[in-house]
Amino acid sequence: MSKKDKNKNTNSDELDQILDRDVAVDQQEETPQETDLEKAQRELQEEKDKFLRLFAEFENFKKRTSRERVELFKTAGEEVIQSMLPVLDDFDRALKEIDRAGDDGLFEGVTLIHNKLKETLKNKGLQPIEIAAGTTFDADLHEAVTQIPAPTEDLKGKIIDVIEKGYTLGDKIIRYPKVVIGQQ
């Protein structure tokens, strides 16, 4: 190889090295820009995520407070209605005694007042829990006061008598019915 060819090769090698360095420098310069872009996109995504979580939390808060408000209106008079339940029980007992005594005029008058009280409480959401003798005992719905020997085999574990009526206010049980069940 001649000196001239060596110089061309050296120059060419040097030129290639310089070009490689320039490309490497350009790539290094682009990498921080891409990193900044990626960082900005990541931060944007994090902010979007925070916003969506906050929005979802706010929506849940609105739904929860709305549900609580409806529940409050449904049971706003719960305390007053619960205090009226013994009066309703007294009316039931009085009607039984008046009927036994045979005073028809008195029975009709007390029945009218009793029905008016029941209808007023019913309009406020009070519903009696209907239980018949022979119904299967359910600890979630009934309160067992006592157990007695079952008069028949089919009444074992079932309700024999209702001592005190139970009531619901809306969907909530405000007084569980007190019952007597047959021993198994």
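Higher on the page you've got the structure.
My aim in this report is to walk through the structure given alongside it, one point at a time. (Residues numbered from 1 in each chain as written. Predicted model: local features only at pLDDT ≥ 70, side-chain atom pairs only at ≥ 80, totals over all residues. Heavy atoms only, no water.)

## Focus on the overall build of the protein
The condition that has to hold: Helix and strand assignments follow DSSP, with helices taken as H or I runs no shorter than four residues and strands as E runs no shorter than two, numbered in order from the N terminus.
Helix and strand counts for the protein come out as 3 helices and 6 strands. Start at the N end of the protein and walk to the C end: the helices and strands fall as α-α-α-β-β-β-β-β-β.

## What to know about helix α2 (residues 78-101)
Threshold: Expected span of a helix: the number of residues minus one, times 1.5 Å. To get the bend at any residue, fit one axis to the seven residues that end at it and another to the seven that begin at it, then take the angle between the two axes. The buried label applies to any residue whose accessible area, calculated with a 1.4 Å probe on protein chains only, is under 20% of its type's maximum; exposed applies above 50%, and partly exposed to all values in between. We call two residues contacting when some pair of their heavy atoms lies within 4.5 Å.
An ideal rise of 1.5 Å per residue puts 34 Å on 24 residues; α2 measures up with 35 Å between its terminal C-alpha atoms. Taking the largest bend as the criterion, α2 deviates by roughly 25°, centred on L85, and proline P86 comes between one and four positions later. Looking at α2, one finds that the buried residues are E78, I81, L85, L88, D89, F91, D92, L95 and I98. Looking at the buried side of α2, the elements it contacts are α3 (104-123), β1 (126-129), β3 (159-164), β4 (166-169) and β5 (172-175). G102 lies just past α2 and shows a positive phi near 90°.

## With respect to the sheet that holds β1
Basically, it comes down to this: By this definition, two strands are paired if DSSP reports at least two bridges between them. Helix axes use the C-alpha atoms of the stretch in contact, all axes being lines fitted to C-alpha atoms, and the angles between their N-to-C directions lie in the range 0 to 180 degrees.
With antiparallel pairing, the 3 strands of this open sheet are ordered in space as β1-β4-β5. On the outer flanks of this sheet lie β1 and β5, each paired with one strand and no other. Each strand axis lies, on average, 40° off the axis of its neighbour in the sheet, ignoring direction. By the bridge criterion, 3 bridges tie β4 to β5 in an arrangement that is antiparallel. Bridging from a neighbouring strand, T168 pairs with I173 of β5. The strands that α2 touches are β1, β4 and β5; relative to β5, the one it contacts most, it runs at about 50°.

## Some details on the environment of T65
Inclusion rule: Polar contacts, as counted here, are pairs of nitrogen or oxygen atoms within 3.5 Å of one another; within protein the pair requires one atom able to donate a hydrogen and one able to accept it, and residues that are adjacent in sequence qualify only if both atoms are side-chain atoms.
Mapped onto the fold, T65 is located in helix α1 (residues 3-74). T65 sits in the partly exposed class, given a relative accessible area of 32%. A polar contact is formed between the side chain of T65 and the backbone oxygen of K62, at a distance of 3.0 Å.

## Considering a negative patch on the surface
As a reminder, the rule being used: Grouping into patches uses exposed residues only, defined as over 30% relative accessible area, and leaves out salt-bridged ones; the cut-off is 9 Å for like charges and 5 Å for nonpolar side chains (Val, Leu, Ile, Met, Phe, Trp, Tyr). Accessibility throughout is a Shrake-Rupley quantity obtained with a 1.4 Å probe, and a residue counts as covered only by protein chains that appear here. Counted as salt bridges are all cases of a side-chain nitrogen of Lys or Arg within 4 Å of a carboxyl oxygen of Asp or Glu. Asp and Glu are treated as the negative residues and Lys and Arg as the positive ones, with His and the ends of the chain left uncounted. A single reference atom marks each charge: NZ on Lys, CZ on Arg, CG on Asp, CD on Glu.
Together, D99, D103, D104 and E108 give the surface a local cluster of negative charge. If you trace the backbone, D103 turns up in the loop between α2 and α3. Judged by relative accessible area, which is 39%, D103 ranks as partly exposed.

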